[in-house]
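Spelled out, the chains give:
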Amino acid sequence: MNELISPGLTPAARSIDELVARARAAQRIANDYDQERVDELVAAAGWAIIEPARNRELAELAVADTGIGNVDDKIRKNHRKTFGLLRDLNGARSVGVISEDAARGLIEIARPVGVVAAITPSTNPGATPANKIINALKGRNAVIVAPSPKGWTTCARLIEFIHQQLDRIVAPRDLVQMLPEPVTKELTLELMRQADLVVATGSQANVRAAYASGTPAFGVGAGNVAAIVDETADLATAAEKILRSKTFDNATSCSSENSVVLVDAIYTAAINAFKTHGAVLVAPEDKPRLQQTMWPDGKLSSQVIGQSATTIAERAGLTAIARLQPRALLVEEANTGAQHPFSGEKLSPVLTVYRARDFDDAMQIVKRIYAFIGAGHSVGLHTARNERALVLGQQLPVSRVIVNQVHCVATGGSFDNGLPFSLSMGCGTWGRNNFSDNMNYRHYLNITRVSTTIPEDVPEEADIFGDYFARYGRA
């Protein structure tokens, strides 16, 4: 663990030094907790956000403060993601001996990482801090949250609720802290430097800063999910699932689809299926106007992030579309790259549509999309030929292939799939990350391994080189 920094501190360093000192003192207390006591911490933090009245208050605060998303979906997200995480942690061992392998002579012991700096975004100012706090507590760590400035009030209220629950079980409040307002880049960087571990979710600037902080860090890659709908898919079901994912919380999730690639054989029928479920296709002549509204200076506008499709259409002057109150806007595209911004991440219920000759061509289109933005995250597939998922998993730069599911629900863990519940998805080296898992409690642990002797297992030379020698000789 990092030691406290030396005297001669900057004002930002002094401010963070005090928070970290308190966190370390609280963590030393938690370090002696047994598994039962740790699981009380987890339950306390979970109930702080799960309790319905508190959940609603946090959801309403989040929308009021950030102007992003909608209350009902945030309530569902706060509940589902937290409850799913609690299910994953129920019975999981994170204190003392957590595994024994007698055949290999290995014993694993879970140890805390220390003080965790949790960098969280404005898109999920309740659910994401709660997820990181609960995972950190599961490992007997202290955690200090650096929220997005827009999400500060929501995060502060969440931590107030958590402190109330910690008081009930007589646990130190300083296990869970946050940066004071106003949250600045200087404060966040100093927190990263002084912590023992950084877990960063949000902008790629935050992730790069985390990696450059000198502190071990987990960061996530950019989202820009594409989904393929092939000629064997149930089009009505695929359209419903894609739109449910695309419109949930006004597409604030990095796991919401940004593009859908339709094979030629079902292109028109698929478009009609999307229309049946409330999407509206933007006419080619209206596309430049929508593009100018969404990227007025080449950067995605805050005026569209997390807004409804109707609001976006109104702001783009597409009054005829706005009157239809669309669930989502469909925009046809054939190209990718910086000159074609609809091929990138939109964080809004605007879905780009590509037309592919066949499944292989669809896969190549997705490769081109991810060469621009989104490599490493995940891809959706709607098909009756599940073997095609293995092809995507071997050919595309993705950490997850989500088959016939509501993508923004499934990719971060669901009650009907085996992925861990998480709001932080590693994207592997494709996304410039050091992990490709759904971030979970094991990432918040140090593991000590005890090794004892076992019977020797020394192979014969032929066991190692037999096939090689048979083919190429012993030269």
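Definitions and cut-offs
Residues numbered from 1 in each chain as written. Predicted model: local features only at pLDDT ≥ 70, side-chain atom pairs only at ≥ 80, totals over all residues. Heavy atoms only, no water. Pairing = 2+ DSSP bridges. Helix = DSSP H or I, 4+ residues; strand = E, 2+ residues; numbered from the N terminus. Axes fitted to C-alpha atoms, helices over the stretch in contact; angles between N-to-C directions. Contact = heavy atoms within 4.5 Å. Buried < 20%, exposed > 50% of the residue type's maximum accessible area, 1.4 Å probe, protein only. Polar contact = N/O pair within 3.5 Å; in protein donor to acceptor, adjacent residues only side chain to side chain.

Trainee: Report on the sheet that holds strand β2 (residues 106-112), specifying residues and quantitative values.
Mentor: Taken in spatial order, the 3 strands line up as β1-β2-β15 in an open sheet, and their pairing is antiparallel. Each edge of the sheet is formed by a strand with only one pairing partner; in this case those strands are β1 (96-101) and β15 (445-451). Ignoring strand direction, the axes of neighbouring strands in this sheet form an average angle of 25°. Sheet topology places β1 next to β2; 5 bridges connect them, and they run antiparallel. Note on β2: the bridge partner recorded for D101 is L106.

Trainee: Describe in detail the sheet that holds strand β12 (residues 350-356), supporting the description with residues and values.
Mentor: Strand pairing in a sheet takes place through backbone hydrogen bonds and is either antiparallel or parallel in direction. On the basis of which strands lie adjacent, the open sheet formed by 7 strands has the order β10-β11-β12-β9-β8-β13-β14 and parallel pairing. Each end of this open sheet is capped by a strand with a single partner; those strands are β10 (279-281) and β14 (401-403). Neighbour-to-neighbour, the strand axes of this sheet turn through a mean angle of 25°, independent of strand direction. Each of β8 (225-229), β9 (257-263), β12 and β13 (379-382) touches helix α14 (residues 359-372); the most contacted strand, β8, lies at about 175° to it.

Trainee: I'd like to hear about the environment of Q339, residue by residue, with values.
Mentor: Structurally, Q339 is set in the loop between β11 (328-332) and β12. Between the C-alpha atom of Q339 and that of G298, which follows or precedes it by 41 residues, the distance is 9.3 Å.

Trainee: Describe the side chain of N55, listing the residues and the values that go with them.
Mentor: Locating N55 in the fold gives a position in helix α3 (residues 52-66). Accessibility expressed as a relative area gives 3% for N55, which makes it buried. Within the structure, the side chain of N55 is placed 3.1 Å from the backbone oxygen of I75, a separation counted as a polar contact. Those residues in contact with N55 that lie beyond four places of it in its chain are I49, I50, K74, I75, N78 and H79.

Trainee: I'd like a description of the environment of C155, backed by residues and values.
Mentor: Secondary-structure assignment places C155 in helix α6 (residues 152-168). Note on C155: relative accessible area 1%, which makes it buried. Separated by 301 residues in the primary sequence, C155 and E456 place their C-alpha atoms 55 Å from one another. Among residues more than four places away in sequence, those in contact with C155 are P125, P129, V145, P147 and M178.

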